Amino acid sequence: MLKGKKILLGICGGIAAYKMTFLVRLLIKEGAEVKVIMTQQATNFVTPLSLSTLSKNPVLTDIHTEDNWQNHVELGLCADLFIIAPLTANSLAKLCMGHCDNLLTAVYLSAKCTVCVAPAMDLDMWKHPSTKRNIKQLASDGVIVLPVGTGELASGLHGPGRMIEPEQILQFTKQKLTNTQSLHGKHILITSGPTRESIDPVRFITNHSSGKMGTALAEAACELGATVSFITGPAETIPSNTAINIIHVTTAADMFEAVKIHYTKADWCILAAAVADYTPQHTAEHKLKKSEKDFHIELSRTTDIAMYIGQHKQKDQKLIGFALETQHALENAKQKRKKKNMDMIVLNSLADKGAGFKHDTNMIQVIKSDQEIIKFPKKSKKSLAFDILEQALTLK
């Protein structure tokens, strides 16, 4: 898919530099020609020998050596795409200020091709006002800033700041260089995250949904050219792409009302949210105090959003749902698809390691009919998002 494309890969000195061996392999496998530039700090995390072996090209680290002078202008002119990953806080600041103290920054300043960066840094560094300011400046300079991932960081902290996975960078590269806008003209509604059903002012019923799968779907759909409306409960993860219309809700009732407003304009409705099936019949006005007696909560059914859309969708609208199961997974998912008049359902199971709530990866089966079932191996949720959208495109 990338045959004949020339890609320049700039690697900065962060722990995620080791992942660039995987990215180079993926790019080469797609037929791209890859040249690698490294800062001196990056060589502490991954060896130039490994990258030159994989890329089949010499790795460049200095603007001049004892034997040669590297023409940074030529490097910046010959590439179709310049990817800088991982982009550290230090290199980010240099790019924003126009500093030119190594080969990578020299090539950046002379590059005529599209430049995209994949930031990677610790939680507090990512959240620092100076980093936010620099990211904003880089984007205003025309650089494509890929989103950061959320998870465990090298410091042991957990949160945003880690570099997205190589396969996600590859997916962006393919979309950018092949101009794949397969969803251009489509309006897609996506629900995501958990809902919260209040018991009293401080307690609520919820679930473990993080919003990662819904966010991955929204960002992938947007990258493929779709107009995206994203209705999310109080999730840990929401899209960073400002082109996505984000609607925040809290309860299952809130989500239903938002869906009713927006689903009529959508070509596809993708229901990735984990909506509460039950809500307390009464919410206490004040905090309930502990007593010696047992406490019982009476629950009422919430409105089934999938069932509602399945009953009211137009002929040309597609409804895509999710099924998270713990037993009889395939059987339950098939029944759910039929009962709720879904065109396609995505099945995942908590029994699969690295799948389901809060993980950055997932393992799914896409069910279009009782006979048409496509299994996917464990991948990042962003990669699977593209797989799901690709399968949805084939629906009749």
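## Some details on the overall build of the protein chain
Along the backbone of the protein chain there are 13 helices and 21 strands. Dimensions of the protein chain, computed from C-alpha atoms along their principal axes, come out at roughly 80 × 50 × 35 Å. Out of the 396 residues in the protein chain, the part that is buried amounts to 51%. Taking as baseline every contact in the protein chain between residues at least 6 positions apart, the subset at least 24 positions apart corresponds to 66%. A total of about 19,600 Å² of accessible surface is found on the protein chain, and carbon and sulfur atoms cover 50% of it. Here the protein chain contributes 46 positively and 38 negatively charged side chains, and the mean placements of these two sets differ by 3 Å.

## Brief notes about the side chain of Lys212
One can find Lys212 in helix H9 (residues 212-223). Judged by relative accessible area, which is 10%, Lys212 ranks as buried. Among residues more than four places away in sequence, those in contact with Lys212 are Thr150, Thr237, Lys358, His359, Asp360 and Lys381.

## Section: the packing of aromatic side chains
Scanning the entire structure with this criterion turns up two aromatic pairs. Each ring, one from Phe256 and one from Tyr308, has its centre 5.1 Å from the other, and the planes form 85°; the classification is edge-to-face. Note that Phe256 is positioned in helix H10 (residues 252-262) and Tyr308 in helix H11 (residues 305-312), a separation of 52 residues in sequence. Relative to Tyr308, the ring of Tyr263 lies with its centre 5.9 Å away and its plane at 80°, an arrangement referred to as edge-to-face. Of the two residues, Tyr263 sits in the loop between H10 and strand S13 (268-271) while Tyr308 sits in helix H11, which places them 45 residues apart along the sequence. Grouping aromatic residues by their ring pairs yields a cluster made of Phe256, Tyr263 and Tyr308. The residue whose ring lies beneath Arg301 is Tyr278, and the NZ or CZ to ring-centre distance is 5.7 Å.

## Quick look at the sheet that holds strand S2 (residues 33-38)
Here we have five strands laid out as an open sheet, ordered S2-S1-S3-S4-S5, and parallel in their pairing. Only two strands of the sheet have a single partner each, and these edge strands are S2 and strand S5 (144-145). Looking at chain direction, strand S1 (residues 6-11) and S2 are connected through six bridges and run parallel. Looking at S2, one finds that Lys6 is bridged to Glu33.

## A closer look at the pairing of strand S7 (residues 158-162)
As paired elements, strand S6 (residues 149-152) and S7 share four bridges and run antiparallel to each other. Opposite Gly151, over in S7, you have Gly159 as the bridge partner.

## A short note on the packing of H9 against helix H13 (residues 381-393)
Relative orientation of the contacting elements H9 and H13 amounts to 60°, with a least axis distance of 8 Å. Overall, the two elements H9 and H13 adopt an arrangement that is oblique. At the point where H9 passes H13, the crossing takes the right-handed sense. Facing Lys212, Met213, Ala216, Leu217, Glu219, Ala220, Ala221 and Glu223 of H9, the residues of H13 in contact are Lys381, Lys382, Leu384, Ala385, Phe386, Ile388 and Leu389.

## Looking at helix H8 (residues 166-178)
Across its 13 residues, H8 extends 18 Å between first and last C-alpha, which sits within 8% of the 18 Å expected from 1.5 Å per residue. Listed as buried for H8 are Pro166, Gln168, Ile169, Leu170, Phe172, Thr173, Lys174, Gln175 and Leu177.

## Notes on the layout of surface pockets
The computed volume of the largest pocket comes to approximately 1,400 Å³. Taken together, 45 residues make up the lining of the largest pocket; nearest its centre are Leu146, Pro147, Val148, Glu219 and Ser240. The set of elements that each furnish at least two residues to the lining of the largest pocket consists of helix H6 (123-127), helix H7 (129-140), S5, S6, S7, H8, H9 and H13. Ranked by residue count, the leading element in the lining of the largest pocket is H9, at six residues. For the lining of the largest pocket, the per-class residue count stands at 17 nonpolar, 16 polar and twelve charged.

## Comments concerning the sheet that holds strand S19 (residues 364-367)
Across the sheet, eight strands lie side by side as S12-S11-S8-S13-S16-S17-S19-S20; this open sheet has mixed pairing. The open sheet is flanked by strand S12 (245-248) and strand S20 (373-375), the only strands paired with a single partner. Shown here is a sheet whose adjacent strand axes are inclined to one another by a mean of 15°, direction ignored.

## Concerning the environment of Leu157
Along the chain, the position of Leu157 falls in the loop between S6 and S7. Along the sequence, Leu157 and Leu23 sit 134 residues apart, while their C-alpha atoms lie 25 Å from each other. Residues in contact with Leu157, not counting those within four places in the same chain, are Asp122, Leu123, Asp124, Gly151 and Glu152.

## Brief notes about the nonpolar core
Counting residues in each nonpolar core, the largest one holds 32 residues, and the members touching the most others are Leu217, Ile270 and Leu389. The set of elements that each furnish at least two residues to this core consists of strand S8 (187-192), H9, strand S11 (227-232), S13, strand S16 (318-325), strand S17 (344-349), S19 and H13. It is H9 that provides the largest number of residues to this core, a total of seven residues. Aside from chain neighbours lying at most four places away, what touches Ile270 is Ile188, Leu189, Ile190, Thr191, Leu217, Ile320, Phe322 and Leu389.

Reading the values: rules and limits
Here the residue numbers are simple positions, counted from 1 along each chain's written sequence. It should be noted that, the model being predicted, local features are given only for residues of pLDDT at least 70 and side-chain atom pairs only at 80 or more, the latter also being counted only at that level, while totals for whole chains, interfaces and linings use all residues. Note: side-chain values were computed over all heavy atoms of the structure, leaving out hydrogens and water. By the criteria applied, helices consist of DSSP H or I runs no shorter than four residues and strands consist of E runs no shorter than two, each listed in order from the N terminus. Accessible area is worked out with a 1.4 Å probe on protein chains only. A residue is then buried under 20% of its type maximum, exposed over 50%, and partly exposed in between. The criterion used for residue contact is that any of the two residues' heavy atoms lie within 4.5 Å. Computed with the Shrake-Rupley method and a 1.4 Å probe, the accessible areas treat only the protein chains shown as cover for residues. Here Asp and Glu are counted as negative and Lys and Arg as positive; His is not counted, and neither are the chain ends. Lys charges are placed at NZ, Arg charges at CZ, Asp charges at CG and Glu charges at CD. Note on aromatic pairs: the rings of Phe, Tyr and Trp (six-membered ring only in Trp) are paired at centre separations within 6.5 Å, and the planes decide the class, stacked below 30 degrees, edge-to-face beyond 60, tilted for the rest. Placement of a positive charge over a ring is assigned whenever Lys NZ or Arg CZ falls within 6 Å of the ring centre and within 35 degrees of the normal to the ring plane. Being paired, for any two strands, means DSSP has found at least two bridges between them. Axis lines are fitted through C-alpha atoms, for helices just across the contact stretch, and the angle between N-to-C directions can take any value from 0 to 180 degrees. Comment on the angle field: the value is read as roughly parallel under 35 degrees, roughly antiparallel over 145, roughly perpendicular from 65 to 115, and oblique elsewhere. Two helices cross in a left-handed way if the nearer one is turned anticlockwise from the farther one by less than a right angle. They cross in a right-handed way if the turn is clockwise. For a helix, the expected span equals 1.5 Å multiplied by the residue count minus one. The distinction between a cavity and a pocket rests on a 1 Å grid over the protein atoms alone: a 1.4 Å probe fits inside a cavity but cannot get out, while a pocket stays open yet meets protein on both sides within 12 Å along at least five of seven lines, and a residue with an atom within 4 Å of a point counts as lining. Grid points are joined across faces, edges and corners, and a volume is the space filled by probe spheres set on the points. Note that Gly is not counted as nonpolar here; it falls among the polar residues with everything else outside the nonpolar set of Ala, Val, Leu, Ile, Met, Phe, Trp, Tyr, Cys and Pro and the charged set of Asp, Glu, Lys and Arg. Residues enter a nonpolar core if they are buried and are Ala, Val, Leu, Ile, Met, Phe, Trp, Tyr or Cys, with the set joined through side-chain atoms within 4.5 Å.

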